[in-house]
Amino acid sequence: MPTINIDEDHCTRCGACVAVCASAHVFELQESAAQPVRSEDCWLCGHCVAVCPVDAIQHSDYPLDACPSIDSLPSYEELVTALRARRSTRVYRDKPVPRHTVRQLVDVSRYAPSATNAQEVDWVALDDPARIERLSVEVVSTLARMAGLLQNPLLRPFLSLALGKARVEKAAESAEDFERLVERQRQGEDPIFYHAPVVLVAHVPQGTYFGRSDAVYATYNLMLAAERLGLGTCHIGFFNAARERNRGLRDIVGLPPERRIEVVMTLGYPRFTFRRALPRRRRELEWNPEA
């Protein structure tokens with residue numbers, strides 16, 4: 001349980017800490033100052049420290065010298081430009097990424113939101129080319145076996161019963177893509193990780209209900225930061241398709257059974273620079289639609 005104190009000489013009774021603690025309800029506004037009356041329920045989100053206009057809250061997990069003031073932020077236009085500039089990179093230079101740079105990016109990922117502030121996403125970094133190649137071969141092999149099952153007319157009815165007809169039909173459309181991966185690998189390509197110098201794996205504890213969402217948030221933070229350091233990234237969806245059918249992939253990555261892989265991505269220096277931001281489909285937006 002954290003230790004939370006209020007400096008009553010500085011507290012202005014503005015009520016901000018009471019309001020932003022909307023889930024745990026740690027604070028109550030009393031006659032002289034706001035007071036932490038349920039510290040044992042604190043989620044450790046730090047909202048109270050971040051919002052207090054006079055720095056009157058002393059929180060054992062968030063000392064003020066570890067919580068810098070937010071003095072400047074990019075404009076909306078600058079942020080949109082950065083978002084539009086990010087692209088998935090599949091062609092990399094033959095140049096290693098310094099490990100301290102990877103560490104720097106992993107540090108940035110921790111500022112992504114997580115459900116109930118659990119902060120349970122951790123990372124594995126692979127920069128051993130032989131190990132990355134072994135992982136790529138195993139992913140392709142797994143997907144090739146899946147393609148054979150999906151294209152087997154005798155098994156299709158049973159798969160439909162187990163997984164649902166629509167899901168099996170959608171997966172069957174990918175079978176030819178899976179088979180092409182085998183041919184590309186035979187020709188010396190790496191159709192999974194694209195010969196990237198680093199493969200990053202975001203993982204969470206088994207049984208974590210919101211682990212997938214937390215890992216995706218953390219990954220996108222890392223991807224956006226990587227762009228600013230001249231690096232390219234790519235989320236590897238093929239790995240997710242294979243990992244559900246091959247537990248050996250986790251062993252190659254080096255994860256213990258109590259951890260679950262959620263996101264796999266590549267990282268490296270792009271061979272080419274993208275000069276233009278491209279348009280995207282305008283999203284539909286409905287207000288209060290009728291069921």
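Cut-offs used in this document
- Residues numbered from 1 in each chain as written.
- Predicted model: local features only at pLDDT ≥ 70, side-chain atom pairs only at ≥ 80, totals over all residues.
- Heavy atoms only, no water.
- Helix = DSSP H or I, 4+ residues; strand = E, 2+ residues; numbered from the N terminus.
- Buried < 20%, exposed > 50% of the residue type's maximum accessible area, 1.4 Å probe, protein only.
- Areas by Shrake-Rupley, 256 points an atom, 1.4 Å probe, with all protein chains shown as cover.
- Lys, Arg positive; Asp, Glu negative; His and termini not counted.
- Charge placed at Lys NZ, Arg CZ, Asp CG, Glu CD.
- Arc of directions from axis to C-beta.
- Contact = heavy atoms within 4.5 Å.
- Core = buried A, V, L, I, M, F, W, Y, C linked by side-chain atoms within 4.5 Å.
- Pairing = 2+ DSSP bridges.
- Axes fitted to C-alpha atoms, helices over the stretch in contact; angles between N-to-C directions.
- Phe/Tyr/Trp six-rings, centres within 6.5 Å; stacked < 30°, edge-to-face > 60°.
- Lys NZ or Arg CZ within 6 Å of the ring centre and 35° of its normal.

Q: Got a minute to help me understand the overall build of the protein in this structure?
A: Looking only at helices and strands, the protein has 11 helices and 8 strands in total. Principal-axis analysis of the C-alpha atoms gives the protein an extent of 75 × 45 × 45 Å. Looking at the 291 residues of the protein, the share that counts as buried comes to 37%. Within the structure as shown, the protein displays about 18600 Å² of accessible surface, and the carbon and sulfur contribution to it stands at 52%. Placing the 36 positive and 38 negative side-chain charges of the protein at their respective mean positions leaves the two points 11 Å apart.

Q: I would appreciate a short explanation of helix α4 (residues 99-109) in the present structure.
A: Given 3.6 residues per turn, any residue in an α-helix points the same way as the ones three and four places further on. Among the residues of α4, Thr101, Val102, Leu105, Val106 and Ser109 are the ones counted as buried. Taken end-on, α4 shows its buried residues confined to a sector of 140 degrees, consistent with a single buried face. If you follow the buried residues of α4, they end up packed against β5 (122-126), β6 (198-205), α9 (211-228) and β8 (259-268).

Q: Explain the nonpolar core to me, please; I cannot follow it from the model alone.
A: Within soluble globular proteins, side chains that are nonpolar generally end up buried alongside one another. Core analysis: the largest hydrophobic core is formed by 30 residues, its most contacted members being Leu135, Phe193, Ile236, Phe239, Val253 and Val264. At the level of elements, β5, α5 (129-150), α8 (175-186), β6, α10 (237-243), α11 (248-253) and β8 are the ones that each hand at least two residues to this core. When residues in this core are grouped by element, the largest group, 7 residues, is from α5. Those residues in contact with phenylalanine 239 that sit more than four places away from it in its chain are Leu135, Val139, Phe193, Leu249, Val253, Ile261 and Val264. In terms of nonpolar packing, the next biggest core, distinct from the first, is built from 22 residues, Val106, Ala112, Val198 and Ala215 among them.

Q: What should I look at first to understand unusual backbone geometry in this one?
A: The general pattern is negative phi for most residues beyond glycine and trans for most peptide bonds. One non-glycine residue, leucine 44, lies in positive phi territory at about 65 degrees. Among the secondary structure elements, leucine 44 is positioned in the loop between β3 (34-36) and α2 (47-51). Located in the positive-phi region is glutamine 119, a residue other than glycine, with phi close to 55 degrees. Turning to its location among the elements, glutamine 119 is positioned in the loop between α4 and β5.

Q: I tried to follow the environment of proline 2 on my own but got confused; where do I start?
A: Relative to the helices and strands, proline 2 resides in the segment before β1 (4-6). Sequence-wise, proline 2 and histidine 59 are 57 residues apart; in three dimensions their C-alpha atoms are separated by 7.0 Å. Apart from residues lying up to four places away in sequence, proline 2 is in contact with Ser39, Cys42, Leu44, His59, Ser60 and Asp61.

Q: I keep staring at the sheet that holds β5 and nothing clicks. Help me out?
A: Strand pairing in a sheet relies on backbone hydrogen bonds. The paired strands run either parallel or antiparallel. Sheet architecture is open: 4 strands sit in the order β5-β6-β8-β7, paired in antiparallel fashion. A strand with exactly one partner marks an edge of an open sheet, and here the two such strands are β5 and β7 (232-235). Averaged over all neighbouring strand pairs, the angle between strand axes comes to 30 degrees, with direction disregarded. Running at roughly 160 degrees to β5, α4 makes contact with β5, β6 and β8 of the sheet. Taken strand by strand, α9 contacts β5, β6, β7 and β8, and its axis lies near 15 degrees from that of β8.

Q: Could you clarify how one ought to interpret the packing of aromatic side chains in this entry?
A: By convention here, two paired aromatic rings are described through the distance between centres and the angle between planes. Enumeration over the complete set of coordinates arrives at 2 aromatic pairs. Relative to phenylalanine 238, the ring of phenylalanine 178 has its centre 6.0 Å away and its plane inclined at 70 degrees; by these criteria the two rings are edge-to-face. In this pair, phenylalanine 178 is assigned in helix α8 and phenylalanine 238 in helix α10, connecting sequence segments 60 residues apart. Looking at phenylalanine 238, the relative accessible area reads 27%, which means it is partly exposed. A ring pair is formed by tyrosine 209 and phenylalanine 210, whose centres lie 4.9 Å apart and whose planes are at 90 degrees; its orientation type is edge-to-face. Residue tyrosine 209 is classed as exposed on the basis of its relative accessible area of 74%. Of note, arginine 87 hangs over the ring of phenylalanine 274, and the distance from its end group to the ring centre comes to 5.7 Å. A cation over a ring is seen here: lysine 95 above tyrosine 269, with NZ or CZ 4.2 Å from the ring centre.

Keep in mind that these numbers describe shape and distance, not what the molecule does.
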